[in-house]
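This is what each chain is made of:
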Amino acid sequence: MSKIEISSAVKNYGALEVIHGVDVEIKDGEFAILVGPSGCGKSTLLRMIAGLEDISGGAISIGGQVVNDLRPKDRGIAMVFQNYALYPHMTVAENMGFALRLAKADTATINKKVQGAAEILGLEALLDRYPRELSGGQRQRVAMGRAIVRDPAVFLFDEPLSNLDAKLRVKMRTEIKALHQKLNATIVYVTHDQIEAMTMADRIIVLEGGNVSQVGTPLELYDHPKNRFVATFIGSPSMNLLQARVVAPRQLTLTDGQAIEMETPFQDGRSVEFGIRPEHLTLAEPGQGIRAEVVVVEPTGSETLVSCTVAGQEFLAALKGRAEFSPGQEVWLKPDLPLSHLFCADSGLVLETRDLVPA
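Calculation rules
The residue numbers shown here count from 1 along each chain, following its written sequence. Per-residue local features of the predicted model are confined to residues with pLDDT of at least 70, and side-chain atom pairs are confined, for both listing and counting, to 80 or more; whole-chain, interface and lining totals are unaffected and use all residues. Hydrogens and water are ignored here; the side-chain numbers use all heavy atoms of the structure. The secondary structure listing takes helices from DSSP runs of H or I that are at least 4 residues long and strands from runs of E that are at least 2 residues long, numbered from the N terminus. Residues count as neighbours in contact if any of their non-hydrogen atoms are within 4.5 Å of one another. Only the protein chains shown count as cover for residues, and all accessible areas are computed by the Shrake-Rupley method using a 1.4 Å probe. For the purpose of charge, His is not counted, nor are the chain termini; Lys and Arg are scored as positive and Asp and Glu as negative. The atom standing in for a charge is NZ when the residue is Lys, CZ when it is Arg, CG when it is Asp and CD when it is Glu. Axis geometry follows a simple rule: fit a line to the C-alpha atoms, using only the stretch in contact for helices, then measure angles between N-to-C directions, giving values from 0 to 180 degrees. Two helices cross in a left-handed way if the nearer one is turned anticlockwise from the farther one by less than a right angle. They cross in a right-handed way if the turn is clockwise. Gly is placed with the polar residues, together with every amino acid not listed as nonpolar (Ala, Val, Leu, Ile, Met, Phe, Trp, Tyr, Cys and Pro) or charged (Asp, Glu, Lys and Arg). Each residue is placed in one exposure class: buried if its accessible area under a 1.4 Å probe, protein chains only, is under 20% of its type's maximum, exposed if it is over 50%, and partly exposed if it falls in between. For this analysis, a nonpolar core means a set of buried residues of the types Ala, Val, Leu, Ile, Met, Phe, Trp, Tyr and Cys, connected via side-chain atoms within 4.5 Å. Between N or O atoms, a polar contact is any pair within 3.5 Å; within protein, one atom must be a potential hydrogen donor and the other a potential acceptor, and residues adjacent in sequence are included only when both atoms are from side chains. One requirement defines pairing of two strands: DSSP has to find at least two bridges between them. Pairing of aromatic side chains here covers Phe, Tyr and the six-membered ring of Trp, requires ring centres within 6.5 Å, and sorts the geometry by plane angle: under 30 degrees stacked, over 60 edge-to-face, intermediate tilted.

Q: Even after reading the chapter, I still don't get the overall build of the protein chain, so can you show me in this structure?
A: Secondary structure assignment for the protein chain yields nine helices and 20 strands. Projected onto its principal axes, the C-alpha coordinates of the protein chain cover approximately 75 × 45 × 35 Å. Sequence separation of 24 or more characterises 65% of the internal contacts of the protein chain that already satisfy a separation of 6 or more. A total of about 17,000 Å² of accessible surface is found on the protein chain, and carbon and sulfur atoms cover 49% of it. The positive charge centre, built from 36 side chains, and the negative charge centre, built from 44, are 7 Å apart in the protein chain.

Below, the structure is given as structure tokens:
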């Protein structure tokens, strides 16, 4: 068993608290991704699991054993770093087997484990090469192989794809996901890239300012964000938000007076933010939907990204197919209202239907 339980975990650097009582459970065999903007505490939390950072309060357990006071080598974990951390004077095979040699494993065992990891990662032809002779993606696979040969209970990945170009990142995402399916291991993976999180994770843990903002499957976070931060962080392009006010049952008014008809009975006077994803907008006839003014048009081939302003606020539409617009042109965009979201203007929390029914 390699379930990870994080209970009321706190991390302080002197008087500065950077992790604020985090509670998270990562299931045995799960691919869990810690995601959030720079400085949110995700790498710090990962290093606390690894034992590279002391925990200031709370508890971390792996496989049912509290590991707060265990050294990293005694926790049954293997970590893959952003910068690969390969020894330049060692061959691929020597790098992959180094931890086993330190543990005084016999040569036959080392060779068997290295060969097995090389077969999983497609490194058989590279075992005699040195890191300087490898591409970035090959070096990252060697770093992963070095972790695999240790048969850890948990794999920890700290932004492993950040140094790779865009095309190679896509390829390596597929390879890491395939590796998880082969090994059925518990993986905790840190990234600031929400596309990586969406495409790879079984569950995503969204961190903001040292706190857990929401935990769920990628589609749960995409379809049902609990607050403004998750709504705008998950999904690419980001969700549009428009300031609005409830003025009548089933009606919102934007700051420029435009009305949006909703199917929910609202409480008059409430300040809200109307959220709609760019891909949930379609081009409409004049007088229907939301009136917008075109700023920039970006054709991508499969769709057209139209940056606009609505009521003086930035607004983006991702329209299927190809369309031609001119800067300053007026367009009308129809939101798919069942896929829209409402957030409290003050707290940023999502407003459920029951919150909007008059008392």
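And the narrative resumes.
Q: What am I meant to see in the packing of helix H2 (residues 92–102) against helix H4 (residues 136–148) here?
A: Think of two packed helices as two axes; the pair is described by the angle between the axes and how far apart they sit. Axis separation between H2 and H4 bottoms out at 7 Å; the angle between their running directions is 35°. The hand of the H2/H4 crossing is right-handed. Contact residues: H2 offers Val92, Asn95 and Met96, while H4 offers Val142, Gly145 and Arg146. Here the residues of the contact of H2 with H4 are counted per class, giving three nonpolar, two polar and one charged.

Q: What am I meant to see in H2 here?
A: Residues three or four positions apart in an α-helix share a direction because the helix packs 3.6 residues into each turn. Among the residues of H2, those classed as buried are Val92, Asn95, Met96, Gly97 and Leu100. In this structure, the buried residues of H2 make contact with helix H3 (107–121) and H4. The first or second residue beyond H2 is lysine 104, which carries a positive phi of 65°.

Q: Is there a simple way to think about the nonpolar core in this case?
A: With 46 residues, the main nonpolar core has Ile33, Met96, Met144, Phe157, Ile176, Tyr189 and Val206 as its most contacted residues. When neighbours within four sequence positions are excluded, isoleucine 33 is seen to be in contact with Tyr189, Thr191, Glu196, Ala197, Met200, Ala201, Arg203, Ile204 and Ile205. Judged by nonpolar contacts, the second largest core, of 27 residues, contains Ala9, Val67, Val154 and Val188.

Q: Got a minute to help me understand the side chain of asparagine 240 in this structure?
A: Relative to the helices and strands, asparagine 240 is located in strand E11 (residues 240–248). With relative accessibility at 5%, the residue asparagine 240 sits in the buried group. A polar contact of 2.7 Å, which involves the side chain of asparagine 240, links it to the backbone oxygen of leucine 316. Excluding residues that lie within four positions of it along the chain, asparagine 240 makes contacts with Phe274, Gly275, Ile276, Arg277, Pro278, Leu281, Glu314, Phe315 and Leu316.

Q: How do you make sense of the sheet that holds strand E12 (residues 251–254) when you look at a structure like this?
A: Within a sheet, each strand pairs with its neighbour through backbone hydrogen bonds, oriented either parallel or antiparallel. An order of E13-E12-E11-E14-E20 is seen for the five strands of this open sheet, with the pairing classed as antiparallel. The open sheet is flanked by strand E13 (259–261) and strand E20 (341–344), the only strands paired with a single partner. Taken over all neighbouring pairs, the strand axes of this sheet differ in orientation by 40° on average, direction set aside. With six bridges connecting them, E11 and strand E14 (residues 271–276) associate as antiparallel partners. Of the residues in E14, the one forming a bridge with glutamine 243 is glutamate 273.

Q: Sorry, what's going on with the pairing of strand E16 (residues 290–299) here?
A: On a regular strand, one side chain projects to one face of the sheet and the next to the other, so that they alternate. Note that E16 and strand E19 (residues 330–335) share four bridges and pair antiparallel. Across the sheet, the residue bridging to glutamate 293 is glutamate 330, located in E19. Alignment of E16 against strand E17 (residues 303–310), held across six bridges, turns out to be antiparallel. Each bridged residue has a counterpart across the sheet, and for valine 294 the counterpart in E17 is cysteine 308. Taking the residues that link successive antiparallel strands as the turn, the E16-E17 hairpin has three residues, and the phi of glycine 301 there is positive, at about 105°.

Q: Help me out: how do you make sense of the packing of aromatic side chains in this one?
A: The geometry of an aromatic ring pair is captured by the separation of the ring centres together with the interplanar angle, meaning the angle of the planes. Counted by the stated rule, this structure contains four aromatic pairs. An angle of 45° between the planes, with centres 5.9 Å apart, marks the rings of phenylalanine 31 and tyrosine 189 as tilted. A residue pair is termed long-range when its members are at least 10 positions apart, and phenylalanine 31 in strand E3 (residues 31–35) and tyrosine 189 in strand E8 (residues 186–191) qualify at 158 residues. Judged by relative accessible area, which is 0%, phenylalanine 31 ranks as buried. By relative accessible area, tyrosine 189 is classed as buried at 0%.

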